[in-house]
Amino acid sequence: KPTTNTNFIKNIVQDDIQADRVKQVVTRFPPEPNGYLHIGHAKSICLNFELADEFNGRTNLRFDDTNPAKEDIEYVEAIKEDVRWLGFEWDGLFFASDYFGEMYDRAVLLIKKGKAFVCELTADEMRTTRGTLTEPGQDSPYRTRTVEENLDLFARMRAGEFADGSKILRAKIDMASPNINLRDPALYRISHTIHHNTGDTWKIYPMYAFAHPLEDAIEGVTHSICTLEFEDQRPFYDWVVEECEMEQRPRQYEFARLNITNTVLSKRFLKQLVDENSVDGWDDPRMPTISGLRRKGYTAEAIRQFAREIGVTKSNSTVDERYLEHFLREDLKLKALRTMAVLKPLKVVITNYPEGQTEEMEAENNIENPEMGNRTVTFSREIYIEQDDFMENPPNKYFRLFPGNEVRLKNAYFIKCNEFIKDADGNVTEIHCTYDIETKSGSGFTGRKVKGTIHWIDAANAVPAEFRLYEPLIFDAEPEEGKTFMDHLNPNSLETIQGFVEQAMLGVPAQEKFQFFRHGYFNVDSKHSTAEKPVFNRIVSLKSSF
Ligand code: ATP
Ligand code: MG
Ligand code: MG
């Protein structure tokens, strides 16, 4: 498949290196540890790490932990695991909170230069005096405080003398700027909150927009890559780097975030699903989190390939979820063992097959990859087939079993249906067939042809298994007025069924992946599978329109 991607940031990096503006590329992936990473983050991870790799640079993993109220060490550990699983190793591991001391000093420098002041307007007053796109804002009455007064108040904010929300440190830039982000934005707020890293040391915390450029500059990041919503913040980003007199000059570049059909990529929404028990944790296979995709059965290779192929541009768009599925199929096509599984079993008795007899049939492990070799499956008088591989009154062009019809059992014999048995409710519970010994698979039989081939499991050695089939958690439609995505949850997102797999599947290890004949790709669930009873998550079905 030809590569269709574009990556405009790669071109920028290449130019910077060629023109000798940059000696070594340094990027960073800067998650806030307030939830688990999702597939949108994977796009950013692949972009940052692969860019640095390609140009012999470095990539830091930096936790942007400047908002203690929402952050947790559990998320820090989960994020590290996910980045590693995706296949990347960071050069430096940092916490923004490790820089709180330096950030404080830089804020003091701004005050000394007359570029910052302590403001006592309430949050509401700040909003109403900020102006609009067409109206300039109004200067705060506290804007003319002396440097000494500001230094004193800021030190006392730090010491914890004031209540949350009562004072704020603001940049002194221009209340008439056409860019609202430059109208004296907040730099530090008071918050008497325990921080997961710094404990109760700090009673003030830097605002994200002030902290982020400092973090990048301190680490010597050259290309600070973020999503498009931050484009209007770039002038303030540059202002902070300049006015705080940072030695290293990072530059910010914005790209379009990833959106995918039938899913919401927002930690806040995903956390709500977890908190309200709408899913089985952050790694529920229906979640678009990296851990959810992993548990469902996605491979890191498929996700990385997807991230490369969607490209990096400046126009927002929504990627069809089937495009991601395409890369999973591509990755597993030649790797996964192809076996038989019966998801909705119907018993078949082969009436002319000797009772008590068992024979071993040869089956190829992957017809597209002969190197994977063969295995044997047992065959005997009673087998299971899929319920919908039999119909009492079939429509035209139904080539599977029905009274009087003959089909091929994959890797075994032709069988012909003679009778069926129904229960009191009219459900077919058992069918009776005869087999033709001449038709054994591999014997070269050409006497007659049948149109249908179906799969089966030997009842004598069938291993009971659970299958979990998934549909999207939510359907796309934007919620109407007064509704949220929680009102759009798909009640049928998980179907759990009980069936059978081949004997060799007993004790299969967690996270092992298979292609089940006609059903698609499946992964052994890491939470619920046991040695006695495997549990399989369907990753994707076999067909796709991509
Ligand atoms: P969310 O809104 O889901 O919480 P976030 O942007 O607040 O996401 P951060 O932890 O701040 O999450 O993000 C870490 C990095 O991942 C940022 O550089 C951000 O730009 C990037 N990122 C987040 N979501 C996406 C997405 N959908 N597509 C591409 N990059 C993303
Ligand atoms: Mg965030
Ligand atoms: Mg966000």
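Residues numbered from 1 in each chain as written. Chains lettered and ligands numbered in written order. Predicted model: local features only at pLDDT ≥ 70, side-chain atom pairs only at ≥ 80, totals over all residues.

> Explain the site of ligand 1 residue by residue, including any values.
Neighbouring ligand 1 are 14 residues; Pro-31, Gly-40, Arg-257, Leu-258 and Lys-267 lie closest to it. Contributions of two or more residues to the shell around ligand 1 are made by helix H2 (39–54) and strand E8 (223–227). Ranked by residues supplied to the shell around ligand 1, first place goes to H2 with four residues. When the residues that make up the shell around ligand 1 are grouped by side-chain class, the tally is five nonpolar, five polar and four charged. (Near = placed C-beta within 6 Å. Helix = DSSP H or I, 4+ residues; strand = E, 2+ residues; numbered from the N terminus. Nonpolar A, V, L, I, M, F, W, Y, C, P; charged D, E, K, R; others polar.)

> For the sheet that holds strand E18 (residues 406–409), give the residues involved together with the corresponding values.
Strands sit in the order E21-E18-E19-E20-E14-E17-E22 across an open sheet of seven strands; the sheet is mixed. Pairing within the sheet leaves two strands with one partner each, and these edge strands are strand E21 (453–454) and strand E22 (457–458). Note that strand E17 (residues 382–386) and E22 share two bridges and pair antiparallel. Following the sheet pairing, Ile-383 is matched in E22 by Asp-458. (Pairing = 2+ DSSP bridges.)

> Describe in detail the nonpolar core, supporting the description with residues and values.
By size, the foremost hydrophobic cluster in this structure holds 87 residues, and its most contacted members are Tyr-384, Ile-385, Trp-456 and Ile-457. Sorting elements by how many residues they give to this core places H2 first, with eight residues. Both domains that meet at this core, namely domain 1 (9–255) and domain 2 (343–455), each give it at least three residues. Beyond its immediate chain neighbours, meaning those up to four positions away, Trp-456 contacts Met-340, Val-342, Ile-383, Tyr-384, Ile-385 and Leu-409. Membership of the second largest hydrophobic core comes to 35 residues, among which are Ala-107, Ile-111, Cys-119 and Leu-169. (Core = buried A, V, L, I, M, F, W, Y, C linked by C-beta atoms within 7 Å. Buried ≥ 20, exposed ≤ 12 C-beta atoms within 10 Å, placed from the backbone. Domains from an automatic or database assignment. Contact = placed C-beta atoms within 7 Å.)

> Give me the confidence of the model for the chain: which residues, what numbers.
Of the residues in the chain, 99% have a pLDDT of 70 or more, and the chain-wide mean is 95. Among the scores for the predicted complex, ipTM is 0.96 and pTM is 0.94. (pLDDT = per-residue confidence, 0-100.)

> Break down the pairing of strand E4 (residues 116–119) for me, citing the residues and quoting the values.
Taking every second residue as pointing to the same face, both faces of E4 are buried, with Ala-116 and Val-118 on one and Phe-117 and Cys-119 on the other. In this structure, E4 lies alongside strand E5 (residues 168–171), joined through four bridges in antiparallel fashion. Along E5, the bridge assignment pairs Ala-116 with Ala-171.

> I'd like to hear about the domain arrangement of the chain, residue by residue, with values.
Taken domain by domain, the chain holds domain 1 (9–255) and domain 2 (343–455). A straight line from the C-alpha centre of domain 1 to that of domain 2 covers 65 Å.

> Account for the UniProt feature "short sequence motif: 'HIGH' region" (unreviewed entry) in the chain, with residues named and values stated.
The residues that UniProt annotates with the feature "short sequence motif: 'HIGH' region" (unreviewed entry) are residues 31–41. Annotation note: span residues 31–41, helix share 27%, strand share 0%, distance between end C-alpha atoms 8 Å. (UniProt positions renumbered as here; feature names shortened; annotations may be inferred.)

> Let's hear about the sheet that holds strand E6 (residues 186–190): which residues, and what values?
Strand order in the open sheet formed by four strands is E4-E5-E6-E7, and the pairing between neighbours is antiparallel. Since the sheet does not close on itself, it has two edges, and those belong to E4 and strand E7 (204–206), each with one partner. Ignoring which end each strand starts from, the neighbouring axes of this sheet average 20° apart. By the bridge criterion, three bridges tie E5 to E6 in an arrangement that is antiparallel. By the bridge assignment for E6, Leu-169 is matched with Tyr-188. Sitting on the sheet, helix H6 (residues 147–159) is in contact with E4, E5, E6 and E7, with an inclination near 60° to E4. (Axes fitted to C-alpha atoms, helices over the stretch in contact; angles between N-to-C directions.)

> Explain unusual backbone geometry to me, using residue names and the numbers behind them.
Positive phi is not limited to glycine here, since Asp-20 has a value of about 65°. By secondary structure assignment, the location of Asp-20 is in the loop between helix H1 (8–18) and strand E1 (26–29). Within the chain, Gln-511 stands out as a residue other than glycine whose phi angle is a positive 75°. With respect to the helices and strands, Gln-511 occurs in the loop between strand E24 (494–501) and strand E25 (513–516). Exposure remark for Gln-511: the 14 C-beta atoms within 10 Å place this residue in the partly exposed category.

> Please set out the packing of helix H11 (residues 300–310) against helix H12 (residues 321–332) residue by residue, giving values where relevant.
The N-to-C vectors of H11 and H12 enclose an angle of 130°; their axes lie 8 Å apart at closest approach. Judged by the angle between their axes, H11 and H12 are oblique. Crossing geometry of H11 relative to H12 is assigned as right-handed. Across the interface between the two elements, Glu-301, Ala-302, Gln-305 and Phe-306 from H11 touch Tyr-323, Leu-324, Phe-327, Leu-328 and Asp-331 from H12. A class-by-class count of the residues in the contact of H11 with H12 yields six nonpolar, one polar and two charged. (Parallel < 35°, antiparallel > 145°, perpendicular 65-115°, else oblique. Left-handed = near helix turned anticlockwise from the far one by under 90°.)

> Describe helix H9 (residues 267–275), and please don't skip the residues or the numbers.
Restricting attention to buried positions, one finds in H9 the residues Lys-267, Leu-270 and Leu-273. Take H9 and look down its axis: the buried residues cluster within an arc of 120°, on one side only. Exposed side chains of H9 directed beyond 90 degrees from the buried face belong to Arg-268 and Asp-275. The positive-phi residue at the C-terminal boundary of H9 is Asn-277, with phi of around 55°. (Arc of directions from axis to C-beta.)

> Provide a residue-level description of the packing of helix H4 (residues 100–112) against H6, including the pertinent values.
The interhelical angle for the contact between H4 and H6, taken along N-to-C directions, is 160°, at an axis separation of 9 Å. As the angle between them shows, H4 and H6 are arranged roughly antiparallel. In this structure, H4 crosses over H6, and the sense of that crossing is right-handed. Contacts between H4 and H6 pair Tyr-104, Ala-107, Val-108, Ile-111 and Lys-112 from the former with Val-147, Asn-150, Leu-151, Phe-154 and Arg-158 from the latter. Residues that form the contact of H4 with H6 fall into these classes: seven nonpolar, one polar and two charged.

> Talk me through the environment of Gly-292; I want residue IDs and the actual numbers.
Assignment of secondary structure puts Gly-292 in helix H10 (residues 290–296). Taking the C-alpha atoms as reference points, Gly-292 and Glu-74, 218 residues apart in sequence, are found 16 Å from one another. Those residues in contact with Gly-292, other than ones at most four positions away along the chain, are Trp-282, Asp-283, Asp-284, Pro-285, Arg-286 and Met-287.

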